[in-house]
Amino acid sequence: MKTLKKTSLAALISVSALMSASVMANDGPVKLGLMLPYSGTYTALGEAITNGLKLAIEQEGGQLGGREVAYVQLDSEADPSKAPQNMSRLVNRDEVDFVIGPVHSGVAMGMLRVAQQTGAIMIIPNAGLGAATNELCMPNVFRTSFSMWQDSYPMGKVAYDQGHREIVTITWDYAGGKEDLAGFEEAFTAEGGEIVEQILVPFPSTEFQSYLTQIASIAPDAVYTFFAGGGGVGFVRDYASAGLKESIPLLGSGFLTEGNLVALGDAGEGVLTTLHYAETLENEQNQAFVAAYESAYGEMPDTYAVQGYDTGMMLVQALSVLGGDISDQERLIDVLANVQLASPRGPLRFSDSHHPIQNVYLREIRDGKHEVVSIAAENLEVPDEACRM
Amino acid sequence: MDLAFFSVQLLNGLQYGLLLFLIASGLTLIFGIMGIINLAHGAMYMIGAYLVYDLTMRLGNFWLAIVVAIPIAIALGLIIERLFLDTLYKRDHLYQVLLTFGMILVLNEVQRIIWGGNVHSVPVPAPFDSSIQLTSNLRYSVYRLFVMGVCLALAGVIYWIIRHTRLGIIIRAGAVNRDMVEGLGINVRTLFTLIFSAGVALTAFAGMIAAPLTSITPGMGDSILITCFVVVVIGGIGSIKGAFWGAIIIGMATTFGSVLIPSLASMVIYLIMAAVLLVKPRGLFA
């Protein structure tokens, strides 16, 4: 009897020792590598994404799948030339479990190369270049944001349905702007509309006066535009002060006005944009999110904050399914790909190319807020036809 | 291209050119007379815009904000000249380039710490917050016309000082031969401090009056700096007259280039610079 007791005790000890050994690898904190801009033009975006991400994880008690979370924050400086080196540092030296970033599409290109070489799991919380989930798609890369096409394509039909037939488009002469315009044009011309002039402004010029004179002399039914940040504010304000807003409706990608409502002031009133989020969305998740974000950071969240938040929620959901065990990467990828979120932006799930399938909303600025006019496209999937994985 | 379209574009080009002149005039003075390549000149333009934004928010009045912001800009110029440039006059240009480049980084970072990464704007101030009808569907902001007027007036004042005052004679002489001016018993040290502060004040003032027209963003001075160097090089280093005509040429070229030859729009000003330098290697008015 005594020997039996002894043996069973020994067995128990060895089993528990064995168990703790196997847990060891998955016992430390989950390391999240944040590669976002914390300086320069995109600072506000990087900070909003970080705030949203941390809020989601804080709401789960600061844990992912029962494990503590460690953040490694690295300033991407929105500098494409430093991207491969920065990401290698996160993956190889800091040995993070997930790389979250970037904001800037150029930086994303550099990061994708490293993601391919190392197989590191990368979640893109902003950059909208189509190629990331199309030509360059890979199993270990996910996007929780948008692609230029996804946000501009629905506006093409909206514009036509509003009775516009001849439209002038204008953007910066760079890849992101042209991708955005291409999405709009695809839908608008398929309906039967015509792009009478496409104006490309040298990047990053914010001197729009001569283009506005040109638009006035063409006198189209409407103008569709993609500008962002300071360019967006400058364009919308110049457009209004040139008196064009009354005669020629201004349509745009949501990034034209996102995060800039205060700076736009009265000039923004009435501008129509399409985007996958609006701070006024009336669903339970969004109301709770807006309240929580405001009390945590003292300001209204924007799209960037939601994209960070959903990145956090995606990790929360996946790691709770896995019980915190991320040692089997194939299974981890599988679980991540099957994440379905009731996001503040509406339902969100992933396509085969790991791109979000989500609603795109038609928004109008009224009283300094993006009011939702309608759902411009419901559960819109991006046709990533070149994606093979 | 009909006449109305052409005239409005002419107006656009003139307005942009005059604003460029305000920034470039300070740059050319500092460059031509003191021999300082001030890379931080654009950052001072940005600081001017942010100062007036901040003060407008605090004081609730744009004009009052400008009145308060100008002495701050002058003081900034004084501090930089006395504290940092003073020791570098005798050294090679490279030291000044390095120092003023460092200042860009520091000023940009200071801007970010104080005002953050968000885009800001200043409402167009009364009584100029209206517009006049130019063509059937195009209005022109009265404030833009006001800015043109102010820039023209300042150009006149600067021209008068340089051409018709004793100070102007010294400045012109200093641009040609510094040692000679010193030999005549003029305190070049004080002259330099004066010119540098005036240059900083001019560019900061340009940022201030441009604030209601533009969006105030981090790094907004970086791109305008390059354009202003082109202006200074075309006009001839150190020449106020050159800065004026250089700015008008670049303003017009940018405006008409972007409409008439859009594919070359981003290159137009450099093509003009190359053409001018081929014919007059020292610039048009040097």
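Above: the structure in question.
Residues numbered from 1 in each chain as written. Chains lettered and ligands numbered in written order. Predicted model: local features only at pLDDT ≥ 70, side-chain atom pairs only at ≥ 80, totals over all residues. Heavy atoms only, no water.

### Digging into the packing of helix 1 (residues 3–34) of chain B against helix 8 (residues 188–210) of chain B
All names here are of chain B. Packing of helix 1 against helix 8 leaves a shortest axis separation of 8 Å and a crossing angle of 165°. Here helix 8 runs roughly antiparallel to helix 1, going by the angle between their axes. The interaxial crossing formed by helix 1 with helix 8 has left-handed handedness. Seen from helix 1, the contacting residues are L19, L22, I23, S25, G26, L29, I30, I33 and M34; seen from helix 8, they are F192, I195, F196, G199, V200, L202, T203, F205, A206, I209 and A210. Along the lines of polarity and charge, the residues of the contact of helix 1 with helix 8 split into 16 nonpolar, four polar and no charged. (Axes fitted to C-alpha atoms, helices over the stretch in contact; angles between N-to-C directions. Helix = DSSP H or I, 4+ residues; strand = E, 2+ residues; numbered from the N terminus. Parallel < 35°, antiparallel > 145°, perpendicular 65-115°, else oblique. Left-handed = near helix turned anticlockwise from the far one by under 90°. Contact = heavy atoms within 4.5 Å. Nonpolar A, V, L, I, M, F, W, Y, C, P; charged D, E, K, R; others polar.)

### Regarding a nonpolar patch on the surface
Residue and element names in this part refer to chain B. A cluster of nonpolar residues, L59, L64, V67, V68 and I72, forms a patch on the protein surface that exposes about 400 Å² of accessible area. Of the residues forming the nonpolar patch, the biggest block, four residues, is contributed by helix 3 (residues 62–85). For V67, the position within the fold is in helix 3. Classification of V67 by relative accessible area gives exposed; the value is 56%. (Patch = residues over 30% accessible without salt bridge, like charges linked within 9 Å, V, L, I, M, F, W, Y side chains within 5 Å. Areas by Shrake-Rupley, 256 points an atom, 1.4 Å probe, with all protein chains shown as cover. Salt bridge = Lys/Arg side-chain N within 4 Å of Asp/Glu carboxyl O. Buried < 20%, exposed > 50% of the residue type's maximum accessible area, 1.4 Å probe, protein only.)

### Here's the deal with the packing of helix 2 (residues 41–59) of chain B against helix 9 (residues 220–235) of chain B
Residue and element names in this part refer to chain B. Look at helix 2 against helix 9: their axes get within 7 Å of each other, and the N-to-C directions meet at 135°. Comparing their axes, helix 9 and helix 2 come out oblique. Both helix 2 and helix 9 take part in a crossing whose hand is right-handed. Contacts between helix 2 and helix 9 involve H41, G42, A43, Y45, M46 and A49 from the former and M220, G221, I224 and L225 from the latter. Looking at the contact of helix 2 with helix 9 residue by residue, the classes come out as seven nonpolar, three polar and no charged.

### As for the interface of chain A and chain B
Many structure descriptions define interface size as the accessible area lost when the parts assemble. Taken residue by residue, the interface counts 34 residues in chain A and 32 residues in chain B. Taken together, the two surfaces of chain A and chain B that pack against each other cover about 2,400 Å², and 52% of this comes from carbon and sulfur. By the criterion of area lost to chain B, the three top residues of chain A are A:Q209, A:T213 and A:R237, representing 21% of everything that side buries. Across the contact surface, chain A and chain B share two salt bridges. (Buried area = accessible area lost by both parts, 1.4 Å probe.)

### Here we look at the pairing of strand 12 (residues 340–343) of chain A
Residue and element names in this part refer to chain A. Where burial is concerned, the two faces of strand 12 differ: the one with L341 and S343 is buried and the one with Q340 and A342 is not. Pairing between strand 12 and strand 13 (residues 346–350): four bridges, direction antiparallel. Residue pairing in the sheet places A342 in a bridge with P347 of strand 13. The hairpin turn running from strand 12 into strand 13, its antiparallel successor, is two residues long. (Pairing = 2+ DSSP bridges.)

### What about the sheet that holds strand 4 (residues 98–100) of chain A?
All names here are of chain A. A sheet is described by the order of its strands in space; here six strands give the open sequence 2-3-1-4-5-6, paired in mixed fashion. At either end of the open sheet lies a strand with only one pairing partner, and these are strand 2 (63–64) and strand 6 (141–143). Across two bridges, strand 2 lies against strand 3 (residues 67–75) in antiparallel orientation. Directly across from Q63, in strand 3, lies its bridge partner E68. Contacting strand 1 (30–36), strand 2, strand 3 and strand 4, helix 2 (residues 43–58) runs over the sheet at an angle of about 160° to strand 1.

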